[in-house]
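Listed below, chain by chain, are the residues.
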Amino acid sequence: MSRRAPQQGPGRPPGRIGRALGYDGIIAALLLGAFGWFRVSVSFLVALIPLVVFQALVGWQLTHLALWLGAAALLPAYPALEALLTAGAVLLDGGPRPGRAFWVALGRSVRRRWWAAIVPSAAALLLGYDLAVLGAGALALLAGAVASALVFVLAIGLACRSSADEDRQALALVADAVRRIAVRPHIPLTWLLLAAVIVLASSLPVLGALGWMFGPAAFAVTVQICNRGLGFDGHQARMAEGA
């Protein structure tokens, strides 16, 4: 006499496969998490469309028009970077709607930190004219690379402090970021290493597109982990005050 398999009733809890494939299962959670990283990365790339268009249509040229267009195309760079780091904190904390958090932070940065957006453009314009006048020799290129790295590090440090201290003035934020970077020089070196790894991973022939789709979000999350672990953004102090 064959034994009939027990049927799952309406009140019976689902098995392992049902829990894994359910709407609140581990597979759905992983897919939603990956989609959040994807949205943040794509949002960052969309915010940098002026720079992408400039690079595709004009590129580096020793002309006044090209230099000024390149500086104008860099204006969204700092707001996009600050919004990326803010969305990275949301991803790290498991918060909802990281894509929306990116665009909200982008609008807030444009309104309150518009002066910071001018710094990368002014630096690019100055470096461009220096290279045009002095020539693209090895020493000039090295000096330009070092200056670009310093501007990039200062932008990240300022973006981290801006998200932590909304009401502070411009000079106070810049001075605080410079002081923290000078006290902990290993942290900006870590930022540069992370950026280099993401750029190199995005340049691979097969995995390059995947790197661009998830690389910016991965960079933001790893920067937030580094900052919190080493106490750069004051996250541990704020958590202790709220406890």
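Report follows, based on the coordinates. In this numbering scheme, every chain counts its residues from 1 along its sequence in written order. In keeping with the predicted nature of the model, local features appear solely for residues at pLDDT of at least 70, side-chain atom pairs appear and are counted solely at 80 or more, and the whole-chain, interface and lining totals rest on all residues. Side-chain figures throughout are based on the complete set of non-hydrogen atoms in the structure, without hydrogens or water.

Where charged atoms of side chains with opposite charge meet at close range, the side chains can pair. For this analysis, a salt bridge means a side-chain nitrogen from Lys or Arg found within 4 Å of a carboxyl oxygen belonging to Asp or Glu. With the rule as written, the count across this model stands at 3 salt bridges. Linking Asp 93 and Arg 228 is a salt bridge whose minimum nitrogen-to-oxygen distance equals 2.7 Å. Of this pair, Asp 93 sits in helix 5 (residues 77–93) while Arg 228 sits in helix 11 (residues 208–230); the two residues are 135 residues apart in sequence, bridging distant segments of the chain. Assessed through its relative accessible area of 13%, Arg 228 is described here as buried. Look at the salt bridges and you will find they share partners, linking Asp 176, Arg 179 and Arg 180 into a network. Numbering of helices and strands runs from the N terminus, with a helix taken as a DSSP run of H or I at least four residues long and a strand as a DSSP run of E at least two residues long. Accessible area is worked out with a 1.4 Å probe on protein chains only. A residue is then buried under 20% of its type maximum, exposed over 50%, and partly exposed in between.

Counting 37 residues, the largest nonpolar core has Leu 84, Leu 85, Phe 102, Ile 156, Trp 191 and Phe 219 as the members making the most contacts within it. Those elements giving two or more residues to this core turn out to be helix 2 (26–47), helix 5, helix 6 (98–112), helix 7 (114–134), helix 8 (138–164), helix 9 (170–183), helix 10 (186–202) and helix 11. The dominant element in this core, judged by the number of residues it contributes, is helix 5, at 9 residues. Apart from the residues lying within four places of it in its own chain, the contact partners of Phe 219 are Leu 81, Leu 84, Phe 152, Ile 156, Trp 191, Leu 194, Ala 195 and Ile 198. Remark: nonpolar core denotes a set of buried residues (Ala, Val, Leu, Ile, Met, Phe, Trp, Tyr, Cys) joined through side-chain atoms within 4.5 Å. We call two residues in contact whenever any of their non-hydrogen atoms come within 4.5 Å of each other.

A few words now on the packing of helix 4 (residues 64–73) against helix 7. It is at 8 Å that the axes of helix 4 and helix 7 come closest, and there the two elements cross at 155°. When the interaxial angle is binned, helix 4 and helix 7 end up roughly antiparallel. Taken as a pair, helix 4 and helix 7 cross one another with a handedness that is right-handed. Residues His 64, Leu 67, Trp 68 and Ala 71 of helix 4 form the contact with helix 7, whose participating residues are Ser 121, Leu 125, Gly 128 and Tyr 129. Amino acids outside the nonpolar list (Ala, Val, Leu, Ile, Met, Phe, Trp, Tyr, Cys, Pro) and the charged list (Asp, Glu, Lys, Arg) are all regarded as polar, and Gly is one of them. Of the residues contributing to the contact of helix 4 with helix 7, the split by class is 5 nonpolar, 3 polar and no charged. Structural elements are reduced to axes, namely lines fitted to C-alpha atoms, with helices fitted over the stretch in contact, and the angle between N-to-C directions of any two is expressed from 0 to 180 degrees. Reported orientations rely on four angle classes, namely roughly parallel under 35 degrees, roughly antiparallel over 145, roughly perpendicular from 65 to 115, and oblique for the rest. The hand of a helix crossing depends on one turn: near helix anticlockwise from the far one by less than a right angle means left-handed, and clockwise means right-handed.

Along the polypeptide, Leu 126 turns up in helix 7. On the accessibility criterion, Leu 126 (54% relative accessible area) is exposed. Along the primary structure Leu 126 and Ala 71 are separated by 55 residues, whereas in three dimensions their C-alpha atoms are 9.4 Å apart.

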